[in-house]
Amino acid sequence: MHKKLALIGAIMGLSATAAGAQDKVKVGVIATLSGPPAVLGQQLRNGFQLAVKNLGGKVGGREVEVVVEDDELKPDVAVNKAKALVDRTKVDFVVGPIFSNMLIAIMKPVTDAGVILISPNAGTSNFAGKECNPNFFVTSYQNDQNHEVMGKYAQDAAMKKVFLMAPNYQAGKDAIAGFKRYFKGEIADEVYVPLGQLDYSAELTKIAAASPDGIFVFLPGGMGVNFVKQFRQAGLADKIKFLSAFTVDESTLPAQKEAALGFFGGANWAPNLDNPQNKKFVAEYEKEYNAVPATYAFQAYDAALLIDGALKLTKGNTSDKDALRAALMKANFTSLRGPFKFNTNHYPIQDFYQVKVAQRADGKFETQIDKKVFAGYSDPYAKDCPMK
Amino acid sequence: MSTGLVVVQILNGLQFGVLLFLIAAGLTLVFGVMDFINLAHGVQYMLGAYLAVAFYALTSNFFIALLLALAAALVFGLLLEFLVFRHLYDRDHLEQVIATFGIIIFLNQAVKTVWGAAPLTLPIPEIFSGSIILMPGLLYPIWRLVIIASGLAIGLLLYVLVGHTRVGMLVRAGATNARMVSALGVDIRRLFMIVFGFGTMLAAFAGAMIAPILSVEPGMGDTVLILAFVVIVIGGIGSMRGAFLAALLIGLVDTLGRSFAIDILRLVMPPSPARTVGPAIASMLIYVLMALVLYFRPSGLFPARGR
């Protein structure tokens, strides 16, 4: 009996040593890959996989194995998939998700297990402030910031009266609050519509009646496609400046096309951002996936580069978590957006731009940098974060 | 709140109502006449939109694309009928729900595999691309008028077909007592197949007509399906007249609720809570209406005769 146990122990010991430097680095990618927002998740996945391919299938010199999971935009599913990645697949990193409510769901199961969670999109205020977490890093932005960009732009452009519209849920209210943090002019009206609304004629009538200088909307995905088309069809596009966040981007432009031309968004990047690494990325992405990349893809690409850069510093070691966190914090990579560093709360300090929808020479539509609105901008919640 | 604004919003409400009727017509036909719960009606609507986009890409002509899409949808509908629905007519409603729910999942995924997850678009046909001025600063696309006209035309067509033709008579008789009709020498299965094929075409027609103003994306039929069910439940299951009037009622209630809930609440409470409560109440209104109708008139406002 004792012999048997000893034997088992010896075998386990052997496999434990073997799991040292030679094993593959395992990365779990969690994104929404089904339902209407699937296109966002696909961009995330594609961006990450493109980076891994460019790195020769290795991060920090070690082979990498990527496991992709679909959270189905259901918190319970997200938690189960995250737990499975951590407990069964024994991943070293989890990269994801797209949506903030999914992030809140998977935060504890992943970070409590000592696994590093890197969000290439969702960046809620709670994890930027009081609940900031040493095992959590963000390569995108804090959620409020894109809305703040638009508020600042409207304020700087001396718009007198702006009409605001967002879906009636937490992110919609945060969007409006973010916009109002910088815009001090008159608010013509603040309208909250049910998530997934199809027809906007009632709201368009209200907008026309209020005749504001501009509107600011946060209508992600299909809602944005419906609204942009109907806004243009109602003849309002020529009179009212269209400011938005997550409403006109490369994931929705293939459906909005000409209807969105000249519309504005707030973003930390655009496909035409002028630096060599970004030019290369956009060209490769389009060749590989036959679509123009949106922010989701570039932020996931950066997440892979972040992991690679950190493992280069630790010489491929993922078991010493303190060293790994310190290495990640150094952000040892060249971001596609140019200047990038982490704040104390592990959210980026970066530039933000007002972007404008344009048609390229090849007929495809993309957002293009119009003006830099914030330089080296950090989120206002970082001061509440106990990490120093 | 000027009178002009109220009038425009009432027009918007009627317009939304007709749009809902366009979608609900096929559902109430199949649900009411065949006593068959077809949850897949929503994905058939989605398929119509996708087929129209696909054929438009090939032909660059909206009307040819629409006709081809209808033909393709009919073929697909008959195929579905042959493969799946035919075997479910005699089963109970739960099994029909489960089977057609499976079709929803399958088709949503299939559409994503074929056309990708990104939303697609269909331009408004050139000759209807203009707009009229509804009020200062607000244009009303002529295409929306075309949608209203086609909704009314479908209503009229169904009224004549179901109420005043021999096939319609058989369909109504089959709905009341299928065995008796069968005993009289009518091939009831073939009749149901015709009705189902027609229902599929109606769904596809709605999808193709609405595609120029909405985003064509996987799952676009799911939200619409719920609204369509609300319409036929309020109107009275199987009643074409009920579906039409209920669709208008819901369009009006929903639109006016969204437009004026906050303004009305502001009269009785401070602006800030009104802003929070208003949209919540507005989005509940149609379901509250449905609950009230179910309580006071369980078989709907205009129940079909003989049920």
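Predicted, not measured: the structure shown is a model, and the values here were computed from it. (Residues numbered from 1 in each chain as written. Chains lettered and ligands numbered in written order. Predicted model: local features only at pLDDT ≥ 70, side-chain atom pairs only at ≥ 80, totals over all residues. Heavy atoms only, no water.)

## Points about the pairing of strand 13 (residues 348–359) of chain A
Residues and elements named next belong to chain A.
Moving on, step 1. The element strand 13 is largely enclosed, with a buried count of 10 among its 12 residues.
Moving on, step 2. Two strands pair when backbone bridges link them, and strand 11 (residues 264–267) and strand 13 are joined in this way by 4 bridges, in the antiparallel orientation. Residue pairing in the sheet places Gly265 in a bridge with Val355 of strand 13.
Moving on, step 3. Across 2 bridges, the pairing between strand 12 (residues 341–342) and strand 13 is antiparallel. Paired with Phe342 across the two strands is Pro348, which belongs to strand 13.
Moving on, step 4. Connecting strand 12 to the next strand, strand 13, in antiparallel fashion are 5 residues, including His346 with a positive phi near 70°.
Moving on, step 5. Bridge count between strand 13 and strand 14 (residues 365–377): 9 bridges; the pairing is antiparallel. Residue pairing in the sheet places Tyr353 in a bridge with Lys372 of strand 14.
Moving on, step 6. In textbook terms, the turn of a hairpin is the stretch between consecutive antiparallel strands, and for strand 13 and strand 14 this stretch comprises 5 residues, one of which, Gly363, has a positive phi near 90°. (Buried < 20%, exposed > 50% of the residue type's maximum accessible area, 1.4 Å probe, protein only. Helix = DSSP H or I, 4+ residues; strand = E, 2+ residues; numbered from the N terminus. Pairing = 2+ DSSP bridges.)

## Regarding the confidence of the model for chain A
Moving on, step 1. On average, residues of chain A score 91 in pLDDT, and 94% of them are at 70 or above.
Moving on, step 2. With pLDDT under 50 throughout, residues 9–21 of chain A is counted as low confidence; its partners more than four residues away or in other chains account for 3 contacts. (pLDDT = per-residue confidence, 0-100. Contact = heavy atoms within 4.5 Å.)

## Topic: the environment of Gly214(A)
Residue and element names in this part refer to chain A.
Moving on, step 1. The residue Gly214 is located in strand 9 (residues 214–217) in this model.
Moving on, step 2. Take Gly214: its relative accessible area is 0%, and that puts it in the buried class.
Moving on, step 3. Between the C-alpha atom of Gly214 and that of Phe242, which follows or precedes it by 28 residues, the distance is 5.9 Å.
Moving on, step 4. With residues near it in sequence (within four places) discarded, Gly214 still touches Met159, Lys161, Val162, Phe163, Ile240 and Lys241.

## Here's the deal with the sheet that holds strand 5 (residues 116–119) of chain A
All names here are of chain A.
Moving on, step 1. Taken in spatial order, the 6 strands make up an open sheet running 2-3-1-4-5-6, and their pairing is mixed. Looking at which strands have only one partner, the edges of the open sheet turn out to be strand 2 (58–59) and strand 6 (136–138).
Moving on, step 2. By the bridge criterion, 7 bridges tie strand 1 (residues 25–31) to strand 3 (residues 62–70) in an arrangement that is parallel. If you follow Ile30 over to strand 3, its bridge partner there is Glu69.

## Quick word on the interface of chain B and chain A
Moving on, step 1. Taken together, the contact pairs 41 residues of chain B with 41 residues of chain A.
Moving on, step 2. Looking at the side of chain B facing chain A, the largest losses of area belong to Pro119(B), Arg258(B) and Arg275(B), adding up to 17% of the total buried there.
Moving on, step 3. At the surface where chain B touches chain A, the tally comes to 3 salt bridges.
Moving on, step 4. Here Arg266(B) ties to Asp189(A) by a salt bridge, and the two come within 3.8 Å at their closest N and O atoms.
Moving on, step 5. Taken together, chain B and chain A are joined by 20 residue pairs in polar contact (both at pLDDT 80 or more).
Moving on, step 6. Within the residue set of the side of chain B that touches chain A, elements represented by two or more residues are helix 1 (3–34), strand 2 (138–141), helix 9 (220–235), helix 10 (240–268) and helix 11 (271–296) of chain B. (Buried area = accessible area lost by both parts, 1.4 Å probe. Salt bridge = Lys/Arg side-chain N within 4 Å of Asp/Glu carboxyl O. Polar contact = N/O pair within 3.5 Å; in protein donor to acceptor, adjacent residues only side chain to side chain.)

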